[in-house]
Amino acid sequence: VCCSPLPAVVDSAGMASSPCGNSNFDSGLEIKTRSVEQTLIPLVSQITTLINHKDKPKKSERTLTAIHRVGQAVSAAVGRFVAVGEAIAAENQELKDEMGQACFEARRAGDAIAQLTDVGATLPSQSDGRVTVFSDRTGMVKAARLLLSSVTKVLVLADRIVIKQIITSRNKVLVTLDHLERVSTFQEFVQIFSQFGNEMVEFAHLTGDRQNDLKDEKKKARMAAARAVLEKCTMMLLTASKTCLRHPDCESARMNKDAVFHRMRCALEQVIEIVTEARSSGETKILPASIYNGIKDFKSSVECLRENLYSMSPQSMDSQLEALVERTEDFTDSAYTSHEQRQAILSLCQLARQDTQQLVHAWVEAQSAHAKEATESMEVAILKTCQSVSDLKRELHKVAVGRASDLLKVHGEQLPLRALKAAGAEGNLEAVAEYSRTLTEQKEQLVETCRLLCHVSGTEPLEITCIHAEETFHVIGPQIISAAQTLALHPSSKIAKENLEVFCEAWESQLCDMAMLLREINDVFEGKRGTFFCRSPQKHSANLKTAKAVKLDAEEQTSIAKLGLELRLLSSDVDTELEKWEDQEHDIVRQSQSLPTATKHYTELYLQLVLSEEGLQLCSSLRTFSTQVYTNAINLSSLNVDTHAVKG
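Residues numbered from 1 in each chain as written. Predicted model: local features only at pLDDT ≥ 70, side-chain atom pairs only at ≥ 80, totals over all residues. Heavy atoms only, no water.

Colleague: Got a sec to walk through the overall build of the protein? Specific residues and values, please.
Modeller: Across its full length, the protein carries 20 helices and five strands. Residues classed as buried in the protein amount to 52% of the 648 residues present. Relative to all contacts within the protein whose residues are 6 or more apart in sequence, the contacts with residues 24 or more apart total 80%. With the model as given, the accessible surface of the protein reaches about 29,800 Å², and the carbon-plus-sulfur share is 51%. (Helix = DSSP H or I, 4+ residues; strand = E, 2+ residues; numbered from the N terminus. Buried < 20%, exposed > 50% of the residue type's maximum accessible area, 1.4 Å probe, protein only. Contact = heavy atoms within 4.5 Å. Areas by Shrake-Rupley, 256 points an atom, 1.4 Å probe, with all protein chains shown as cover.)

Put into structure tokens, the structure is as follows:
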């Protein structure tokens, strides 16, 4: 089980060993979400406390009583946990056998821990009236490992329900999307879009929770990109479909609508690839090689020579540098790179070659002299080589960020968009064609700039966000042009005008995202942070942030939430008991004092509510309110559609 942040468990030999690497664990399991990991931490801490009790074998009666109560609390909590797991197994036949076996092992381990901490089973010492417990330390370690392994398996199996739920929600969205694409009347469209909106709200909640819960930052970035596409495309789908229904013989309106549907399907597929770790058509998606990664790898190879003169060959180092220099052609071959910038980059590349050749010369001399480590001349050459590629990195960063900043200033005025709107409203097809060429040129500049930013972004999640920005500009640019053409053909159409506005807003929104991305890249370059930018959908879908109406069924959701809560409650049980212990310097006290004050499991707030009658009523009211808010929003959209239909 891959869960490295979890505390270590002491093995039977008294050495600390991570439960993650224990051979008794199911090697097929991997913890991919923070919620499962955080749920396990209190249990691991308490089991570690019980095992570390052996450090002082003789305990007072009060200490023994407290240990006994800790063991009983663990056993009782495991019993409640297992009952919930068995209920989930009963409701999900595909998990029944695996979940049943994991629950059986957890219950057996919990019973063993209760027996091993039973004060009644201990015998008093004849010398001082104090007692000795845990004579079977090996048994306690085995029980602890079995418990952690089985509990982890139950949690991971329960997580499959969440994945299944996301897939089911996606499938419903796809079916409704197909229906929307084939509608031929406004009335039918209004009815189906209302259903589609409800399904998208549910899908947004599920994928939002999953995105926040993922441990892998690259997957989190890809999920954020896909969800941003769905959020923006939902509004585009509404107006593009309305325009196509109003002007069914308009080719540009049809192209506009088809592009939106295609992009939504691609985004839905990407979400499923992330949650299931599948690849469409057997393809392996890899990030394009960035210059930053090339520089990082090259410097690492150079610095390794200090410890091992034979870690690579001089030919390999030359090839690695040339591959790195070749990637800089994205900068030097660009029509938008100034002559001064191009010369600076080429000069730094040549300097890196010269320094590398000097390093190779010193390196070969050291090998000929059978030196066991880097010589003084080699050390100087290593420092110069690393400095020259670092200078290259700095120059490339300056070029990419500078160009992005300049473009954002120019595009902030939105002149081509305003001109396209005006030309379309006037029915001036020639002017639309002229300003479309201007927008296309700006789009190409933005696409290329995003590609350069990807080279210098510094982290893989930021690279993914740069690629998403590049794809967005590449797609939305032509969509704006087709929407403008439609308006020019039907200048009195309010629906066509609304549609163009929506696509222009999406372009402006992506420019804002790019500005935030630029700040993130600068922060990483300056060492201020190592996180990635992730915009939360918000502009057209405030209703997506209402109280979460997630359904497993309701019983299933409560069950999964309890998996975290029942284990979390153990911490308070242990804290209460250990406050009474007289041996304050003991490891068990120190362990308890280091327990997390609260886990960040995404279901804790939900459970705190449902534990009281008032909470149940509040949850019900919030769900009713959020549903009503969305229904009202859909009704307004529907009314808008009907109004245009009547006017048409």
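Now that the structure has been shown, the text picks up again.
Colleague: I'd like a rundown of helix α5 (residues 186-213), residues and numbers included.
Modeller: For an α-helix, 3.6 residues make a turn, and residues three or four places apart therefore share a direction. Its 28 residues place the ends of α5 40 Å apart at the C-alpha level, agreeing with the 40 Å of an ideal helix rising 1.5 Å per residue. Counting buried positions over the 28 residues of α5 gives 21, a clear majority of the element. (Expected span 1.5 Å × (residues − 1).)

Colleague: Lay out a negative patch on the surface in plain terms, naming residues and giving numbers.
Modeller: Residues E326, E329, D330 and D333 make up a contiguous surface patch of negative charge. Along the polypeptide, D330 turns up in helix α10 (residues 329-332). Residue D330 is classed as partly exposed on the basis of its relative accessible area of 36%. (Patch = residues over 30% accessible without salt bridge, like charges linked within 9 Å, V, L, I, M, F, W, Y side chains within 5 Å. Salt bridge = Lys/Arg side-chain N within 4 Å of Asp/Glu carboxyl O. Lys, Arg positive; Asp, Glu negative; His and termini not counted. Charge placed at Lys NZ, Arg CZ, Asp CG, Glu CD.)

Colleague: Lay out helix α6 (residues 217-246) with the relevant residues and their values.
Modeller: With 30 residues, α6 ought to run about 44 Å at 1.5 Å a step, and its terminal C-alpha atoms sit 44 Å apart, in line with that. At C233, α6 shows its maximal kink, close to 30 degrees. (Bend = angle between axes of the 7 residues up to and from the residue.)

Colleague: Report on the packing of aromatic side chains, specifying residues and quantitative values.
Modeller: On inspection of all chains with the given rule, the structure shows three aromatic pairs. With centroids separated by 5.6 Å and ring planes inclined at 25 degrees, the aromatic side chains of F189 and F193 adopt a geometry described as stacked. Placement of the pair is F189 and F193 together in helix α5, with a separation of four residues, close to one helical turn. Just as F189 is buried, F193 falls in that class too. (Phe/Tyr/Trp six-rings, centres within 6.5 Å; stacked < 30°, edge-to-face > 60°.)

Colleague: Which residues make up the nonpolar core, and what are the values?
Modeller: Counting 110 residues, the largest nonpolar core has L453 and I480 as the members making the most contacts within it. Considering each element in turn, this core owes the most residues, 14 residues, to helix α16 (residues 494-525). Excluding anything up to four places from it in sequence, I480 contacts L417, L420, L439, L500, F503, C504 and W507. (Core = buried A, V, L, I, M, F, W, Y, C linked by side-chain atoms within 4.5 Å.)

Colleague: How would you sum up the side chain of T472? Please name residues and give values.
Modeller: Here T472 is to be found in helix α15 (residues 460-489). Take T472: its relative accessible area is 1%, and that puts it in the buried class.

Colleague: Could you give an account of the packing of α6 against α16, with specific residues and numbers?
Modeller: Orientation of α6 relative to α16, taken along the N-to-C sense of each, is 160 degrees, at an axis distance of 8 Å. Judged by the inter-axis angle, α6 sits roughly antiparallel to α16. Considering only the axes of α6 and α16, their crossing is left-handed. Residue-level contacts link K232, M235, M236, T239, A240, K242, T243 and R246 of α6 to I495, A496, E498, N499, V502, F503, A506, S509, Q510 and D513 of α16. Looking at the contact of α6 with α16, its residues break down into eight nonpolar, five polar and five charged. (Axes fitted to C-alpha atoms, helices over the stretch in contact; angles between N-to-C directions. Parallel < 35°, antiparallel > 145°, perpendicular 65-115°, else oblique. Left-handed = near helix turned anticlockwise from the far one by under 90°. Nonpolar A, V, L, I, M, F, W, Y, C, P; charged D, E, K, R; others polar.)

Colleague: Hey, could you go over unusual backbone geometry for me, with residue numbers and the actual values?
Modeller: Positive phi is not limited to glycine here, since H370 has a value of about 55 degrees. Structurally, H370 can be placed in the loop between α11 (339-368) and α12 (376-411). The exposure class assigned to H370 is exposed, which follows from its relative accessible area of 64%.

Colleague: Let's hear about the pattern of salt bridges: which residues, and what values?
Modeller: Scanning the entire structure with this criterion turns up 24 salt bridges. The partner of R254 in a salt bridge is E251, and the shortest N-O contact between them spans 2.3 Å. Separated by three residues within a single helix, R254 and E251 lie in helix α7 (residues 251-276), roughly one turn from each other. Take R254: its relative accessible area is 34%, and that puts it in the partly exposed class. Residue D391 is joined to R394 by a salt bridge in which the shortest nitrogen-to-oxygen separation is 3.0 Å. Residue D391 and its partner R394 are located together in helix α12, separated by three residues, close to a single helical turn. By relative accessible area, R394 is classed as partly exposed at 45%. Taken together, the salt bridges that share partners define one network made up of K32, K219 and E277.

Colleague: How would you explain the environment of L511 if you had to name every residue and give the values?
Modeller: Note that L511 resides in helix α16. Remark: the alpha-carbon pair of L511 and L407, spanning 104 residues in sequence, is separated by 9.6 Å. If we ignore the near neighbours within four places in the chain, the residues touching L511 are L408, H411, Q414, L446 and F473.

Colleague: Could you give me a rundown of the confidence of the model for the protein, with the residues and numbers involved?
Modeller: Segments scoring low in pLDDT should not have their predicted coordinates read at a detailed level. The predicted model of the protein has a mean per-residue pLDDT of 77, with 70% of residues at 70 or higher. Segment residues 1-28 is flagged for pLDDT under 50; beyond a separation of four residues in sequence, or across chains, it makes 62 contacts in the model. (pLDDT = per-residue confidence, 0-100.)

Colleague: With reference to specific residues and values, describe the packing of α11 against α12.
Modeller: When two helices pack together, their arrangement is captured by the angle between the axes and the distance separating the axes. Packing of α11 against α12 leaves a shortest axis separation of 8 Å and a crossing angle of 160 degrees. Of the possible angle classes, the one that applies to α11 and α12 is roughly antiparallel. For the pair α11 and α12, the crossing hand works out as left-handed.

Colleague: Describe the state of the cysteines, and please don't skip the residues or the numbers.
Modeller: Within the structure shown, the criterion is met by zero disulfides. C466 provides the cysteine sulfur closest to C454, a residue in no disulfide bond, and the two sulfurs are 5.4 Å apart. (Disulfide = S-S within 2.5 Å.)

Colleague: Which residues make up the environment of Y336, and what values do they have?
Modeller: Residue position: Y336 is located in the loop between α10 and α11. Residues Y336 and T449, spaced 113 residues apart in sequence, show a C-alpha to C-alpha distance of 9.3 Å. Discounting residues that sit within four places of it in the chain, Y336 has contacts with R403, E441, E444, Q445 and E448.

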